[in-house]
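Secondary and tertiary structure notes
Below are the chains, spelled out letter by letter.
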Amino acid sequence: MNSAESVTDFYKRQPGFANLDLPLNNTGIGHFNVFSRESCTVVSPYNRRDFYKTSLIIGRGKLYYADKWIQIDRPAMLFANPVVPYAWEPESTTQSGWYCVFTEEFIQHSERIESLKDSPLFKIGSNPIYFPNTEQLDEISTIFKKMLSEMNSDYAHKDDVLRSYLHLLIHETMKSSPAQEFGAYTNASTRVSSLFLELLERQFPVNTLDTGLQLKSPGDYAHALSVHINHLNRSVKETTGKTTSAHIASRIAQEARALLLHTNWNIADIAYKLGFEYPSYFTNFFKKHTGMSPNQLRMTTV
């Protein structure tokens, strides 16, 4: 799988957008923009993005998401986040609706961040597709139109207004019906395994004491990828010959070694940032996987 598509890369592949002056910090903190979907008659390649995208899709097509796909044959709302890759294949020449793209930095500035984290946009493992009814469709369309109008305004606090509209858009969508009938890929095991390995690698490196592992167990990864844990374990074992737990443990041990050798963090801090409840658990884990204790490793490099 290719590396994550950036906002800049996204604009470059959009018809007519390549020469737009769209700075990544156009909201002061982070990036936000909203557009109509008339240009979405082109294929959106299967890939992960490093930004969020919320779309009102009006037009027929297929959406590929994680290891699933779904036929879009009626108005639908899509919440795409940076965790799981997706692709869009239009099946009709007439495409309409709206979409907005924004970065983590834009939304982190919101005072409502805690409630937004529980929404389909943020909540890992949630259903990304909703089907609004006619009344909800009108309301959602109105919100997007207001977003577009606000983007073109000179109001000094329009960024706060846009965050409020986004918050309202999410909650209005949550009133509608989530998609239920996803299809599975014929090569689902390979795809699930690939998604898992990419997601595992995305947890690293742990660069600062302010960050730590968000996903720690096979169950966490299964939830993030919206697959049953048995399906994840079976797919990873079948494709790689190693268990899910073994991959996670190996990568944590590798990161632990790097932190012990290349930082002056104390061992307790390293343990906590790598997801261990107690430093003694980390010491036992590290000795099991490397044959020496964290202190012994540091002593050998002095």
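Everything that follows concerns the structure shown earlier in this document.
Since we're looking at a predicted model, the values are computed, not measured.

Cut-offs applied
Residues numbered from 1 in each chain as written. Predicted model: local features only at pLDDT ≥ 70, side-chain atom pairs only at ≥ 80, totals over all residues. Heavy atoms only, no water. Helix = DSSP H or I, 4+ residues; strand = E, 2+ residues; numbered from the N terminus. Buried < 20%, exposed > 50% of the residue type's maximum accessible area, 1.4 Å probe, protein only. Contact = heavy atoms within 4.5 Å. Areas by Shrake-Rupley, 256 points an atom, 1.4 Å probe, with all protein chains shown as cover. Pairing = 2+ DSSP bridges. Polar contact = N/O pair within 3.5 Å; in protein donor to acceptor, adjacent residues only side chain to side chain. Axes fitted to C-alpha atoms, helices over the stretch in contact; angles between N-to-C directions. Parallel < 35°, antiparallel > 145°, perpendicular 65-115°, else oblique. Left-handed = near helix turned anticlockwise from the far one by under 90°. Nonpolar A, V, L, I, M, F, W, Y, C, P; charged D, E, K, R; others polar. Core = buried A, V, L, I, M, F, W, Y, C linked by side-chain atoms within 4.5 Å.

Concerning the overall build of the protein
The helix and strand tally for the protein stands at 12 helices and 11 strands. Buried positions account for 48% of the 302 residues belonging to the protein. Across the protein, the fraction of contacts at a sequence separation of at least 24, relative to all contacts at a separation of at least 6, is 73%. Surface summary for the protein: the accessible area is close to 15,000 Å², and the carbon and sulfur share equals 49%.

Here's the deal with the pairing of strand β5 (residues 68-72)
Side chains of β5 alternate between two faces, with Lys68, Ile70 and Ile72 buried and Trp69 and Gln71 left unburied. With 5 bridges joining them, strand β4 (residues 61-65) and β5 adopt antiparallel strand pairing. Counted as the bridge partner of Gly61 is Ile72 from β5. Here β4 folds back onto β5 in antiparallel fashion, the turn holding 2 residues, of which Ala66 has a positive phi close to 55°.

Structural notes on the pairing of strand β1 (residues 32-36)
With respect to burial, β1 is a largely interior element, 4 of its 5 residues being buried. Relative to strand β8 (residues 96-102), β1 runs antiparallel, the two being bridged by 5 bridges. By the bridge assignment, Phe32 is partnered in β8 with Phe102.

Some details on the environment of Lys273
By the element assignment, Lys273 lies in helix α10 (residues 267-273). Residue class for Lys273 comes out partly exposed when judged on its relative accessible area of 23%. Sequence-wise, Lys273 and Thr211 are 62 residues apart; in three dimensions their C-alpha atoms are separated by 6.9 Å. Among all residues touching Lys273, those that are not within four sequence positions of it are Val206, Leu209, Asp210, Thr211, Gly212 and Leu213. A polar contact of 2.6 Å, which involves the side chain of Lys273, links it to the backbone oxygen of Leu209.

Thoughts on the packing of helix α6 (residues 188-202) against helix α9 (residues 244-262)
Packing of α6 against α9 brings their axes to within 11 Å, and their N-to-C directions diverge by 25°. Judged on the interaxial angle alone, α9 and α6 are roughly parallel. Viewed along their axes, α6 and α9 form a crossing whose handedness is right-handed. Residues Phe196, Leu197, Leu200 and Glu201 of α6 lie in contact with α9, whose contacting residues are Thr244, His247, Ile248 and Arg251. Here the residues of the contact of α6 with α9 are counted per class, giving 4 nonpolar, 2 polar and 2 charged.

Remarks on the nonpolar core
Grouped burial of nonpolar side chains is what soluble globular proteins tend to show. Among the nonpolar cores identified, the biggest contains 48 residues, and Ile72, Ile129, Leu232, Leu274 and Phe282 are the most heavily contacted of them. At 7 residues, α9 tops the list of elements feeding residues into this core. Dropping the residues within four chain positions of it, Leu232 is found in contact with Val192, Phe196, Pro218, Tyr221, Ala222, Leu225, Val227 and Thr244.

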